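If you want the building blocks of each chain, they are given just below.
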Amino acid sequence: MLTESKLFCGCSTKFGSPANTQTCPICIGMPGVLPVLNKRVVDMGIMAGLATGCQIAPFSRFARKNYFYPDLPKGYQISQYELPLCEHGHLEIPVNGGTKRINIHRMHMEEDAGKNMHEGITAASHVDLNRAGVPLLEIVSEPDIRSADEAVAYLKKLRDIIVYLGICDGNMEEGSFRCEPNISLRPVGSKEFGTRVEVKNINSFKYVQAAMGHEIKRQTQVLNEGGRIIQETRLWDVEKEITVPMRSKEEAHDYRYFPEPDLVPLNITKDRIESLRAQLPELPDAKRLRLVHDHGIPEYDAEVLTISRALADYFEACVREYPNPKIVSNWVMGDLLRELKNEGKEPDESPLKPKQLAAMLRLIDAGTISGKIAKDVFVEMYRTSKSPDAIVKEKNLVQVSDDAQIEKLIDQAFAASPNEVQKYREGKETLFGFFVGQVMKLSQGKANPGIVNELLKKKLGGSN
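Residues numbered from 1 in each chain as written. Predicted model: local features only at pLDDT ≥ 70, side-chain atom pairs only at ≥ 80, totals over all residues. Heavy atoms only, no water.

Engineer: Explain the sheet that holds strand 10 (residues 182–183) to me, please; I cannot follow it from the model alone.
Structural biologist: Note on sheets: strands pair through backbone hydrogen bonds, and any given pair is parallel or antiparallel. Pairing in this open sheet of four strands is mixed, and the strands run 10-11-12-13 from one edge to the other. Of all strands in the sheet, those with a lone pairing partner are strand 10 and strand 13 (242–248), marking the two edges. The sheet strands contacting helix 3 (residues 205–224) are strand 10, strand 11 (197–199), strand 12 (232–237) and strand 13, and the helix crosses strand 12 at an angle near 125°. (Pairing = 2+ DSSP bridges. Helix = DSSP H or I, 4+ residues; strand = E, 2+ residues; numbered from the N terminus. Contact = heavy atoms within 4.5 Å. Axes fitted to C-alpha atoms, helices over the stretch in contact; angles between N-to-C directions.)

Here is the structure:
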């Protein structure tokens, strides 16, 4: 979860710091220390529940989940068990041109464990506890997913929502958003689920799809050969593209859950829930529908523009300055996203502001620059943050719209290609585009394309 401090202490949650530099006696499990709950984590959990239609529990509490592992310094994890914060929600995912409801069983808060580091020629193992105590929100779906494609659609929808809420950055590579699919097979027509196998900590949609696909094939082969599936936890081997056994799968009683004695239960008031509900932003599905309805852009454009709140906000800020939504969406989806991707930046980090883009688009409308020249102006604006007017003036990019100047360029093009002129006049009208290209080349892209086309038609005497 996107907090500055951990779930039960004030240590930083910043990713990428040197090992064991973000720890304190509380998160490394020293004797005699007491956890103090981070209020912001509870608020984030409630907002996630509200955004997915969950029931928010007026009374919930933390529990100790006991197990022993090198990266768990206390010997137990503080989680929630029988009384989670949120239950009984759902998401609608796209399936075969329609939608399908995936029900959410529960959401609960818990602290993260540390991280085992296996490195060196001696294969030594070390433990980094920077991550120990980082707040997590575990979201458990009901067994409604029927394929790897549906699983990925569910995860993408879920990720969109939590990123829009600002409660998670959704970065799978850094482990902010992880998936642990549980896969089981059953004969067609059977109501009983088969034995489930969990695949641990997958950190990309691509690997989720691959791991689930492999596990379905593996279990199918085992069952077809008369074998039985063992309830276990497996890991996804990225190199070999197979799942490998990690450990036998524990049941709830194996963890010996009991109420956390160092934390009081949570009492969530209706006023607090409604206050947080009022803070919910417009969520992706609603935003997509509104962009199509209010701005008349295609559904595909709305889908792309709502991949993040920041991108949708950028688009709408630009439309307020330049009220031609489709033209704006073309530039934002194409040129802006390309530059942002090249630099690994988010839309709200763009050096090119909506007012600058709008000003450039007005220059095209005024005939000051051509669409082709605008591409170069855009790149220069992005890299220097200069205004489009300043760039056009500095680089002498003003569009040539004078008939006499363009006629001279046409005459030069004809003189350089007499054979093509003859062929065109003999009926090969597909050469018209060739002449347009030659004139634009001679003008260094500054000739007004509309005037070029009009004058060429007159001079060539064709019907093009």
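After presenting the structure, the write-up continues.
Engineer: I would appreciate a short explanation of the layout of surface pockets in the present structure.
Structural biologist: In this approach the atoms are scanned with a rolling probe the size of a water molecule, which exposes any empty space left behind. In this model, the second largest pocket occupies a volume close to 970 Å³. Considering the residues around the second largest pocket, the lining is formed by 26 residues, among which Arg 159, Asp 169, Ile 307, Ser 308 and Glu 346 are closest to the centre. At the level of secondary structure, the elements contributing two or more residues to the lining of the second largest pocket comprise helix 2 (148–165), helix 7 (309–321) and helix 8 (325–343). At five residues, the largest contribution of residues to the lining of the second largest pocket is made by helix 2. Residue composition of the lining of the second largest pocket, by class: nine nonpolar, five polar and twelve charged. (1 Å grid on protein atoms, 1.4 Å probe; cavity = no way out; pocket = protein on both sides within 12 Å on 5 of 7 lines; lining within 4 Å. Points joined across faces, edges and corners; volume = space filled by probe spheres on them. Nonpolar A, V, L, I, M, F, W, Y, C, P; charged D, E, K, R; others polar.)

Engineer: Which parts of the structure should I look at to understand the packing of helix 7 against helix 9 (residues 354–365)?
Structural biologist: Any two packed helices are characterised by how steeply their axes cross, that is the angle between the axes, and by the distance between the axes. Direction vectors running N to C along helix 7 and helix 9 enclose 45°, while the axes themselves pass 8 Å from each other. Considered as vectors, helix 7 and helix 9 are oriented oblique to each other. Both helix 7 and helix 9 take part in a crossing whose hand is right-handed. The segment helix 7 lies against helix 9, with Tyr 314, Ala 317, Cys 318 and Glu 321 engaging Pro 354, Lys 355, Leu 357, Ala 358 and Arg 362. For the contact of helix 7 with helix 9, the residue count by class is six nonpolar, no polar and three charged. (Parallel < 35°, antiparallel > 145°, perpendicular 65-115°, else oblique. Left-handed = near helix turned anticlockwise from the far one by under 90°.)

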